[in-house]
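Listed below are the residues making up each chain.
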Amino acid sequence: MGKRSKNFKELYPNPVPITLSTDAYGINLPDIIPHNPISWLIFGLRYLQIQAKSIPSNVVRVDFEDDVFKVLDPTDMNRLWSHGFFGKGSLSRSDPNWADRTSARLGLDDDTQQGRNASEEITKQRREERKRFKLERAKVQNLELKQRQGALNEDEEVELNDLRETLNNLKKIVPARKAISTTSNSLREEDEVLLIEGLDNLEYLQLQAVESFYLKFALGAIDIFEQNESLSSLELFKKCNSIDSKFMLNYVVYHHFRSLGWCARSGIKFGCDMLLYKRGPPFSHAEFGILIIPTKQEFINWIDVSSVARVVGGVKKNLVLCYVDEPIEDIELSEVSDIASLLKLYKVTEILYRRWTPSKSRD
Amino acid sequence: MSDDEEVDAIQDWKILTQDVVPKRGDKDFAPDGTLVQSQLLEDSRNAMYAALAVRRGHTIKQELVAIWYPERKEAYVPHLRGPYFKDIGRPSSSPSNKIQAAWLNPIETVYLCERGSVRIFLHNDSYERYKTRILQNYIQKEKSQGQGNNFDDDDDEQFDFESNLVSLSLAHLYALAFSHDSTLVGKYQVYSYLKRLGYLVLDFKDSTTRQLDEYHKLVENKANESSISIFQALKSYTLSLFSSKVSNILLAKRHYFTYKSIFRSLRLIPSYSTYDSLKKLKEPTENKLTPCFDVWKPTPQFSKKNPTQPDFQIVIANTNQSSFPSLSQIQELFNSSNHMLNSNTTKNTPATIKNSSSGPSKREIRAQRAKERYSKLDPKIQRSIDYNKLKDKKFKFGNSGRCFIVALIDNGVVNFVNLSEGDFSLAGFGTDDLQELSSNPNERIDHGIVW
Amino acid sequence: MEKVFLPVVGDKVLIFELEDVKKLRHLGIVGVLSGTLSAAPQQNVFLGLPLQLSLEDVIWLVTNEHGILIDSAKYHEVEAAMLNQADWNSSQRICVHDPKQDEELLKKLAKMNLSDDKLILKKKQLQENKVENFIIIPNVTPLPNIDSYTIPLDKFLSLSNHHELISNYQVYRSVKDQGFFILPGIRFGGKYIGYPNDPLRYHAHFIINQATDFKLIDLVAGGRLATGVKKVWVIVGEHSTPDSPKKVEGKKRDAVEVDVDQTEPQPDIVDQLTKESKLKSFSIEWAGFG
């Protein structure tokens, strides 16, 4: 586990797609030792050195088409993914690795194993093994029913015992991470085009509205275009509000956690609004599931909260209820000019929700 | 077995007749019409019915009696015996010093009767007259033998309960004790659930006033401390000069040297900070939730009169009738809890289940190894590990430890939920322990940043 | 089968008679045991009498003529006054043989070095021991005239305030009438949980919720929740036609339901509960799971 995390730290050293000047120019600012005047001097010199250079900028292009925020260029896609894990590959589970995987599948890759170890492949393997297991188990259950009905003959009894043993063995097998072999039976009709003309990346990185807005308004890390016309923060703000009626609520919470350094992603897999990762999906599973509740909401069903709590708890995450106080007066969105001031009218309060088991709390 | 599997596993009632710890058995998916299955079902049912038929009661040696007073809705125990009264009952004056008596509320009465420990009789005049006679008797004894109250109780008149009063069946007692208040059955179910596990339970005591006092002291102390260094002030002033509100881009276009400084510049959304709910006490909400019980973990030393701080505090909610609490209701609960401000309690963190039988579990072995590795590390690194561990704990269990347990009832099924005061920004009260462990004592506002 | 008497305590129905528990089980009503089990009073896995019935269980029993609600407080108050208390009280003293205790006693006697004759005599006395040594606390008081203390269903329902009672009951009824056993669903994160047969022997199949104002994410959560525990998530709702009134937005209390003002019994509530309803149900589970 230690080795793997080291690799990830090297692969993904940056939590946001902003380049630090110290990294860009290789100039490190030393620590200031208050009583040591030389350290002040060195600090001062290096500081001025950096200030003289231009501010590193690496803006990614995002296109808004068909109501979707897309990043098309592969380098940009990679930048947004590896610097904070923004977005989702349109043809992948999360990170945009369609090109790598297809390359591996078609035998076009150079054995660098990038596509072969993708999480999609591992999942595929696991599912195939489980399918086998279920088939055998169904056979066992049928025979057991016959047994209860008293209709089992000798041969079937032997078969039943054999099958039971097989099942036990299957349970014990830990799926080994074998490299995926590229065999011809995985080729499809559509692949012809790719094989002849070369692999064009058909995938784009899809961003949520809150992600796009954060990257634009908060970080200034993207330029966003609709029909080749660039959108300002304000225009983007109004657009996001029009496609998502809960945009303000979602964004306020998203910004709150992102600005604390958390990697915040969609919680749809677990029936909640957001997931929080300390570093990002490749490092470890999400630690928290977030449920957003407007403070002014009158009636909240216990069953609804407890069902989300069960799902989230079932995957060993902690549920956090985020209550959001909204501005008292209704805001006319078309009249907003200063977004930051508007956002400051909101407030987030976290309440932790945990199951309590009296029988385990006695010591 | 995971929690989910546990919930739907079979209840094997046969185990009760075998003096063995209940195990979980196999269930079937669907009825298949076979005799085998229906026989198994019959067996399971009969095992259950047999257990339900086991009689409640106690041996003559353990005989314990109480008298239910319908007008008072309380039971009087004239002669306390047994281990039940550490937390149960309010002492009553009795004529003799040797014998202790107590009054029980409806919930305590039903609990003791239902478990078979106390036999309840219905009060009538004959018992009152008896009590008066006994009292007069003592007064006379005092006159003749002088004070001191060490009278011989043996020749006292004994009251013949069986001839004079009606004994109450469980159904009768429930009707008498719980009919006047429809919340009592639910409260009783939670109470008895906890009592059966050995917890000590008393009525809830509100601590809002104390919390408010402690909060005001904290605020005073903070104001007296020099909060921010000049260095910090200069830094933040110069930085603020660069922010550009005009273009509606939050992060100013300038050189950045650390990611932490970027995150600091991105902080914008106001968020709740620990103890903020005590800042300005609002009017009590319309449907103020009234907590029910103060609960203590089982402990041999427990004093009803001067109890220690409760380990848990319980409020009851019915899934069918009440909404999930609103934020103000939750904060009201936090304010009323027994929490000592700034005590850095690590309350309600799950207890490590001690594995007494076989050797150390895998988890324990791993923990032991981690401990060994840790002890060999550089103290600076040790501090950084401790710092991060503490942060994680605060994210998961709350910064202050202020919390409440909700006992959720759904038609007789009880589930418990812990609601705790969260604080991901970790920028206000309750962060002194983090401050001590942090590498840079001047940085007061960064504890919440995870990078 | 005779109707079962359903004693009301406060606003709940609690069954104290074991025979009634058995009868109800045959009707597919399982309920929740909520009392301390005297055989094992320091645990919560197995609980004993009384059995608590859910509101829906009660409505189903009464409207299908299987049960009668009884005012337990009044019943006991009036009838117990005429009880022969001497007989009643003394019936609770019994002699109980605890095989363990007997064994221990015999061991003790053996150690006392009694002559064989005396030992045999002692054994005989032990077996014939008619000395009462145990006091029972009975579950019920046998009293007459219980049917003079009935409570009509609408009055019972006015005692408590339940959110969306009528629509929830329609859901319950539609599933129960297909032969399933239904229990409170809180442990599974749903409103009800449905079993194909007796929960003692069979796993639950369904986590059941009413279909009101769904967001897609609720379907995701429900599907995942159920599939994760090898069940299916079921939503049941009224089939709306173009003419039927639309449900109010958001999860507010229905204006039609039992009012906050509890003093007025609503005479037509029983009609609303028993009226025919066209309900549709859907089951949802995650595909490609695992």
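Residue positions are counted from 1 within each chain, in the order its sequence is given. All chains are assigned letters beginning with A, and all ligands numbers beginning with 1, in the order in which they are written. The predicted origin of the model limits local features to residues at a pLDDT of at least 70 and limits the giving and counting of side-chain atom pairs to 80 or more, whereas totals for whole chains, interfaces and linings rest on all residues. Only hydrogens and water are set aside when side-chain values are computed; all heavy atoms of the structure are taken into account.

## Topic: the overall build of chain A
If you tally the helices and strands in chain A, you get 13 helices and eleven strands. Note that the radius of gyration is over C-alpha atoms, with the globule rule given as 2.2 Å times the number of residues to the power 0.38. Computed over C-alpha atoms, the radius of gyration of chain A comes to 27 Å, more than 25% over the 21 Å expected from 2.2 N^0.38 for 363 residues, which places it beyond the range of a compact globule. Taking the principal axes of the C-alpha coordinates as reference, chain A spans close to 90 × 60 × 55 Å. The classification of residues rests on relative accessible area computed with a 1.4 Å probe and restricted to protein chains. Under 20% of the type maximum is buried, over 50% is exposed, and intermediate values are partly exposed. Among the 363 residues that make up chain A, the fraction classed as buried is 46%. For chain A, the share of sequence-separated contacts (at least 6 apart) that also reach a separation of at least 24 residues comes to 64%. In these tables, accessible area is a Shrake-Rupley quantity obtained with a 1.4 Å probe, and a residue counts as shielded only by the protein chains included in the view. Carbon and sulfur atoms make up 49% of the accessible area of chain A, which amounts to about 19500 Å² in all. Treating the 50 positive side-chain charges of chain A as one cloud and the 53 negative ones as another, the clouds have centres 8 Å apart. Numbered from the N terminus, helices here are DSSP runs of H or I no shorter than four residues, and strands are runs of E no shorter than two. Contact between two residues is taken to exist if any of their heavy atoms lie within 4.5 Å; hydrogens are not considered. Only four residue types enter the tally: Lys and Arg on the positive side, Asp and Glu on the negative side; His and the chain ends are excluded. Note that the charge is assigned to NZ on lysines, CZ on arginines, CG on aspartates and CD on glutamates.

## Brief notes about helix 12 (residues 302-314) of chain A
Residue and element names in this part refer to chain A. Helix length check: helix 12, at 13 residues, gives a terminal C-alpha distance of 18 Å against a target of 18 Å (1.5 Å per residue), a fit within 8%. Among all positions in helix 12, only Trp302, Ile303, Val305, Ser306, Ser307, Val308, Ala309, Arg310, Val311 and Val312 are buried. Two N or O atoms form a polar contact when they lie within 3.5 Å of each other; inside protein one atom must be a possible hydrogen donor and the other a possible acceptor, and for residues adjacent in sequence the pair counts only when both atoms belong to side chains. Taking the backbone nitrogen of Ile303 as reference, a side-chain oxygen 3.1 Å away marks Asn301 as the first, capping residue of helix 12. In the stretch just after helix 12, Lys316 is the one whose phi turns positive, near 60°. Here a helix's expected span is defined as the number of its residues, less one, multiplied by 1.5 Å.

## Describing the sheet that holds strand 3 (residues 32-35) of chain C
Residues and elements named next belong to chain C. Here, a strand pair is defined by DSSP locating no fewer than two bridges between the strands. Ordered in space as 3-4-2-1-5, the five strands form an open sheet in which the pairing is mixed. Bordering the open sheet on either side are strand 3 and strand 5 (67-71), each of which pairs with just one other strand. Averaged over all pairs of adjacent strands, the angle between strand axes in this sheet comes to 45°, irrespective of strand direction. Across five bridges, strand 1 (residues 4-9) lies against strand 5 in parallel orientation. By the bridge assignment, Val8 is partnered in strand 5 with Asp71. Here the axes come from fitting lines to C-alpha atoms, over the contacting stretch only for helices, and the angles between their N-to-C directions go from 0 to 180 degrees. Relative to the sheet, helix 3 (residues 72-80) contacts strand 1 and strand 5, its axis offset from that of strand 5 by approximately 60°.

## Considerations on the side chain of Lys12(C)
Residues and elements named next belong to chain C. When you line up the elements, Lys12 lands in strand 2 (residues 12-15). Note on Lys12: relative accessible area 14%, which makes it buried. Polar side-chain contacts of Lys12 include one of 3.0 Å to the side chain of Asp11.

## Section: the interface of chain A and chain C
Contact with chain A, which involves 18 residues of that partner, is made by 19 residues of chain C. Together, Phe299(A), Ile303(A) and Arg310(A) form the three largest contributors to the area buried by chain A at its contact with chain C, with a combined 33%. Whenever a carboxyl oxygen of Asp or Glu lies within 4 Å of a side-chain nitrogen of Lys or Arg, that contact is scored as a salt bridge. Summed over the shared surface of chain A and chain C, the number is zero salt bridges. Between chain A and chain C we count two residue pairs in polar contact (both at pLDDT 80 or more) in total. For the side of chain A that touches chain C, the elements supplying multiple residues, two or more each, are helix 6 (119-149) and helix 12 of chain A. Grouping the amino acids of the side of chain A that touches chain C by side-chain chemistry returns seven nonpolar, three polar and eight charged. What gets called buried area is simply the loss in accessible area from a 1.4 Å probe that two parts show on being joined, summed for both. In the scheme used here, Gly and all other residues not listed as nonpolar or charged are polar, with Ala, Val, Leu, Ile, Met, Phe, Trp, Tyr, Cys and Pro taken as nonpolar and Asp, Glu, Lys and Arg as charged.

## Here's the deal with the packing of aromatic side chains
Think of a pair of aromatic rings as described by two things: how far the centres are apart, and how the planes are tilted against each other in angle. Residue and element names in this part refer to chain B. In this analysis, rings of Phe, Tyr and Trp, with Trp reduced to its six-membered ring, are considered paired at centre separations within 6.5 Å, and the interplanar angle assigns stacked below 30 degrees, edge-to-face beyond 60, and tilted for intermediate values. In the structure shown here, the tally under the stated rule is 53 aromatic pairs over all chains. Note on Tyr111 and Tyr191: the rings are 5.8 Å apart at their centroids and 85° apart in plane angle, and the pair reads as edge-to-face. Of this pair, Tyr111 sits in helix 3 (residues 106-114) while Tyr191 sits in helix 7 (residues 184-196); the two residues are 80 residues apart in sequence, bridging distant segments of the chain. Note on accessibility: Tyr111 and Tyr191 belong to one class, buried.

## Comments concerning the sheet that holds strand 4 (residues 205-207) of chain A
Residue and element names in this part refer to chain A. Pairing within the open sheet is mixed, and its six strands lie in the order 3-4-2-1-5-6. A strand with exactly one partner marks an edge of an open sheet, and here the two such strands are strand 3 (88-89) and strand 6 (229-231). By the bridge criterion, four bridges tie strand 1 (residues 60-65) to strand 5 (residues 222-226) in an arrangement that is parallel. Directly across from Val62, in strand 5, lies its bridge partner Ile224.

## A short note on the interface of chain B and chain A
Counting residues at the interface gives 78 residues for chain B and 81 residues for chain A. Carbon and sulfur atoms make up 64% of the surface buried where chain B meets chain A, a total of about 7200 Å² over both sides. Area buried by chain B at its contact with chain A is led by His255(B), Phe324(B) and Phe424(B), which between them contribute 11% of it. Where chain B touches chain A, the interface holds one salt bridge.

## Looking at the UniProt feature "domain: tRNA intron endonuclease catalytic" (unreviewed entry) in chain A
UniProt positions are given in the numbering used here, feature names are shortened, and annotations may be inferred rather than shown by experiment. Those residues carrying the UniProt feature "domain: tRNA intron endonuclease catalytic" (unreviewed entry) are residues 247-326 of chain A in this numbering. The span residues 247-326 of chain A is 31% helical and 29% strand by assignment, and the distance between its end C-alpha atoms comes to 12 Å.

## Overview of the UniProt feature "active site" (unreviewed entry) in chain A
Residue and element names in this part refer to chain A. The feature "active site" (unreviewed entry), as annotated in UniProt, sits at Tyr277, His285 and Lys317 in this numbering. For the annotated residues, spread through 41 residues, the largest C-alpha to C-alpha distance comes to 10.5 Å, consistent with a single compact locus. Setting aside residues up to four positions removed in sequence, His285 forms contacts with Tyr277 and Lys317. Examined against the element boundaries, Lys317 turns out to sit in the loop between helix 12 and strand 10 (318-325). Using a relative accessible area of 9% as the deciding quantity, one classes Lys317 as buried. In contact with Lys317, not counting residues within four places along its chain, are Phe270, Leu275, His285, Ala286, Glu287, Gly289 and Val312. A distance of 3.4 Å separates the side chain of Lys317 from the backbone oxygen of Ala286, its partner in a polar contact.

## Points about the pairing of strand 9 (residues 293-296) of chain B
All names here are of chain B. Burial along strand 9 is two-sided: the residues Phe293 and Val295 and Asp294 and Trp296 are all buried. Alignment of strand 8 (residues 200-203) against strand 9, held across four bridges, turns out to be antiparallel. In the strand pairing of strand 9, Leu200 is matched with Trp296. Two strands pair when backbone bridges link them, and strand 9 and strand 10 (residues 312-318) are joined in this way by three bridges, in the antiparallel orientation. Its bridge partner being in strand 10, Val295 is matched across the sheet by Phe312.

## Quick word on unusual backbone geometry
Of the consecutive residues Leu49(C) and Pro50(C), the connecting peptide bond is found in the cis state with omega at 10°. Tracing the sequence through the fold places Pro50(C) in strand 4 (residues 48-53). One non-glycine residue, Lys73(B), adopts positive backbone phi at about 55°. The residue Lys73(B) is located in the loop between strand 2 (65-69) and strand 3 (74-77) in this model. Even without a glycine there, the phi angle at Asn145(C) is positive, about 60°. Take Asn145(C): it is sitting in the loop between strand 7 (134-137) and helix 7 (153-157).

## Topic: the nonpolar core
Definition of nonpolar core: a set of buried residues of the types Ala, Val, Leu, Ile, Met, Phe, Trp, Tyr and Cys, connected through side-chain atoms within 4.5 Å. Membership of the largest hydrophobic core comes to 73 residues, with the highest contact counts inside it found for Phe217(A), Leu219(A), Tyr251(A), Ile290(A) and Phe424(B). With eight residues, helix 11 (residues 247-258) of chain A is the single largest residue contributor to this core. When neighbours within four sequence positions are excluded, Ile290(A) is seen to be in contact with Val253(A), Phe257(A), Cys272(A), Asp273(A), Met274(A), Leu276(A), Val320(A) and Cys322(A). Grouped together as the second largest cluster of nonpolar side chains are 55 residues, Leu275(A), Val308(A), Val406(B) and Val30(C) included.

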